[in-house]
Protein chains: 2
Amino acid sequence: MRAGELTTPVLLADVGVLEANMAAMSTARPGPMLRPHVKAFKCTALAARLADDGHRSFCCATVREVEGMAAAGLGDDLLLANEVVDRRAVDRLGVLVDSGAARVTVAVDSLAAIEVAAAGGIREVLIDVDVGMPRCGCEPADAGRLADQARSVGLMVRGTMGYEGHLQHVADRADRASRTEVAMGLLSAAHAEVGGDVVSGGGTGTWDCNLVVTELQAGSFVLMDGDYARLNLPFTEGLVVLTTVVSARSGSHAALDGGLKALAMDSGGPVLVDDQSGSAGVLICSDEHTTVTGGSWQVGDRVGLRPAHIDPTIAKHEVLHLVDDVTAGGDAEVLASWMIDLRGW
Amino acid sequence: MRAGELTTPVLLADVGVLEANMAAMSTARPGPMLRPHVKAFKCTALAARLADDGHRSFCCATVREVEGMAAAGLGDDLLLANEVVDRRAVDRLGVLVDSGAARVTVAVDSLAAIEVAAAGGIREVLIDVDVGMPRCGCEPADAGRLADQARSVGLMVRGTMGYEGHLQHVADRADRASRTEVAMGLLSAAHAEVGGDVVSGGGTGTWDCNLVVTELQAGSFVLMDGDYARLNLPFTEGLVVLTTVVSARSGSHAALDGGLKALAMDSGGPVLVDDQSGSAGVLICSDEHTTVTGGSWQVGDRVGLRPAHIDPTIAKHEVLHLVDDVTAGGDAEVLASWMIDLRGW
């Protein structure tokens, strides 16, 4: 089947780009040194492809991701890399642990999170340490005390995690590397107080300059996006939202049938895959349409858009179609269709 | 059930606000003078509530919305208010027409769109006229010719539509009204060449100043959002994404478990329902979290966020829970739970 036979807007991934990105990462971070983050793609079929390459431990961001990975037989070692403090949500994880459906480790950064985890049947945790991003994580100085508290209620403390999310998109590599070293110094110091085998952290942007973590929590590298592409990493963009020109005004503009419900806008608008010799561009994204100008399009043409941010773009779609050449528009051959089956909460 | 028993992030709507907004609109645009746009809420249960008030003709933006409305028994008069030029997509509409499952009218703005509509079994169209928003719609001067072409291939031309989307958020009401009058002047002139009973257009922002359309295509008024709230319309905000504080650093910040996968960011970030006396605010939205600062929160607290843009926020969720008081956080009583069943394409 050709991509042009699919109802647009539709999400396409370039299988060659995907394979090359995975190979580049696997060479640097083989086996369990990479803990792929499924939040980036929310797709168990893609996770299974990573597992085939020897990466069988995964990061999740939501309880549903953990449940879906377990149901897909990918539950060898799942880290919920956020705090979960709602007892009903933790109980869903406890069921997986009790039944042996998955090994589940949960990040904790407070006594409250520890108590809920223990009460809900969680057996293993990481102490989540704030390494400079204002989100989750305890003060580094509190990590050892929290580890003691976790152990005192019967939890196994596997180690620490600390996500330097604020550094992933620092444009200059040397700056990114030096700031990552400082952030990871905080994590190392905390880990010395906590103990355990695991130091988890990092991401696509710090894939080669985070030299502290025992496992890298990267996900976006698989298909990249406009945000990460600016960093000149050895991973290339392979994700496209294919649309159809539904209206065209010669010499003025054309309307494509995919808009901000099909493309995440938090990091800016999309760009055209084929920019028609640099003259064409995106004018507006509205709910269900994108208006493009400066080019020449006919009603019915298939037009590809590259998103600025991969994770929330994929989360808007039900299916990811793998194609032989994502730049070929409607002529691309569809090689496989994978459900985006880890969406929601 | 209380909202605090739901897994967060979760979408809540205030039933009193919803009812008041619908009543205000129904008074101004009773019965078929309002053609509610289901793209705003993608929920047949909410559409059915509007139908109960006498609004039984609806606008749709996608083929799936048309199919879902027909399946829900709400197919009396469905307008797909965009061009659809893919034959497979049009065929799906043709099946509904042939089977009598729905009356379907499609917007057309080119000979190509007319030919595909006729070939796919569509029987009724509106001529879509560009009234100043660079998206879909023909040159006003071409409308009469297109109507003739549509009739020549056997289509019934019900009239015209023209959406002044570029004016919906003009802040000053007098400016908005005068510019709407100019835009609708273009539509009126085109309609004189086209004929038919229907002049369709308008939206929540021009609900009272569009004096030309025979039916208003408004949707966002039902629950409003930050964008529309700035216009001082007689509709109020009733939509909240309820989250849980999963991490809190006293005197610094707290992390909520809903981020940009649960909240549309194309019109900016969300705001706190309870801003704690004006001191608190949103610092960052990341994929699955929102970091807030300047307030006092405890791990486990339920915190509501109001989105800047309603349509794509709702499209990120599977369920809309109706509550008695959306400002009550976890204490709100859940009165009904409606599936967001018109998502996707």
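Residues numbered from 1 in each chain as written. Chains lettered and ligands numbered in written order. Predicted model: local features only at pLDDT ≥ 70, side-chain atom pairs only at ≥ 80, totals over all residues. Heavy atoms only, no water.

Colleague: Could you give me a rundown of the environment of B:N232, with the residues and numbers involved?
Modeller: You can see B:N232 is positioned in the loop between helix 8 (226-229) and strand 9 (239-249). In sequence terms B:N232 and B:A71 are 161 residues apart; their C-alpha atoms lie 36 Å from each other. (Helix = DSSP H or I, 4+ residues; strand = E, 2+ residues; numbered from the N terminus.)

Colleague: How would you summarise the relation of the copies chain A and chain B if you had to cite specific residues and measurements?
Modeller: In summary, the two copies of the chain are related to each other by a rotation about an axis coupled with a shift along it. When chain A is fitted to chain B, the residual RMSD is 0.0 Å, and the transformation amounts to a turn of 180 degrees plus an axial shift of 0.0 Å. Here the copies are linked by what is in effect a two-fold axis. Of the residues that chain A buries at the interface, 100% are likewise interface residues in chain B, meaning the two copies contact each other through the same surface. (Least-squares fit on C-alpha atoms with pLDDT ≥ 70 in both. Contact = heavy atoms within 4.5 Å.)

Colleague: Residue-level account of the packing of aromatic side chains, with values.
Modeller: Residues and elements named next belong to chain A. Taken as a whole, this structure holds four aromatic pairs over all chains when the rule is applied. The interplanar angle of 55 degrees and the centroid separation of 5.8 Å between the aromatic rings of F221 and F235 together place this pair among those described as tilted. Of this pair, F221 sits in the loop between strand 8 (215-216) and helix 8 (226-229) while F235 sits in the loop between helix 8 and strand 9 (239-249), and the two are 14 residues apart along the sequence. For the residue pair F221 and F235, the accessibility class agrees, reading buried in each case. Linked through ring pairs, W207, F221 and F235 together constitute an aromatic cluster. (Phe/Tyr/Trp six-rings, centres within 6.5 Å; stacked < 30°, edge-to-face > 60°. Buried < 20%, exposed > 50% of the residue type's maximum accessible area, 1.4 Å probe, protein only.)

Colleague: Kindly report on the interface of chain A and chain B, identifying the contributing residues and their values.
Modeller: Contact residues are listed per partner, giving 59 residues for chain A and 59 residues for chain B. Taking both sides of the interface into account, the surface hidden between chain A and chain B amounts to around 4700 Å²; carbon and sulfur atoms contribute 55%. By the criterion of area lost to chain B, the three top residues of chain A are A:R135, A:R249 and A:W345, representing 16% of everything that side buries. At the boundary of chain A with chain B, the tally comes to 12 salt bridges. Linking A:D130 and B:R249 is a salt bridge whose minimum nitrogen-to-oxygen distance equals 2.6 Å. Element by element, the count of residues in the side of chain A that touches chain B is highest for strand 9 of chain A, at five residues. (Buried area = accessible area lost by both parts, 1.4 Å probe. Salt bridge = Lys/Arg side-chain N within 4 Å of Asp/Glu carboxyl O.)

Colleague: Any details on the domain arrangement of chain A? Residues and values, ideally.
Modeller: Residue and element names in this part refer to chain A. Domain boundaries assigned for chain A yield domain 1 (3-11 + 236-339) and domain 2 (30-217). Taken over C-alpha atoms, the centre of domain 1 sits 34 Å from the centre of domain 2. Listed per partner, the contact involves seven residues of domain 1 and eight residues of domain 2. Interface of domain 1 and domain 2: buried area, both sides summed, is about 580 Å²; carbon and sulfur atoms make up 66% of it. Our count for the contact surface shared by domain 1 and domain 2 stands at one salt bridge. We note a salt bridge from K39 to D311, for which the minimum N-O separation is 2.8 Å. Put simply, domain 1 and domain 2 have one residue pair in polar contact (both at pLDDT 80 or more) between them. Elements with a contribution of two residues or more to the side of domain 1 that touches domain 2: helix 9 (310-314) and strand 16 (334-339). The leading source of residues in the side of domain 1 that touches domain 2 is helix 9, at three residues. For the side of domain 1 that touches domain 2, the per-class residue count stands at six nonpolar, no polar and one charged. (Domains from an automatic or database assignment. Polar contact = N/O pair within 3.5 Å; in protein donor to acceptor, adjacent residues only side chain to side chain. Nonpolar A, V, L, I, M, F, W, Y, C, P; charged D, E, K, R; others polar.)

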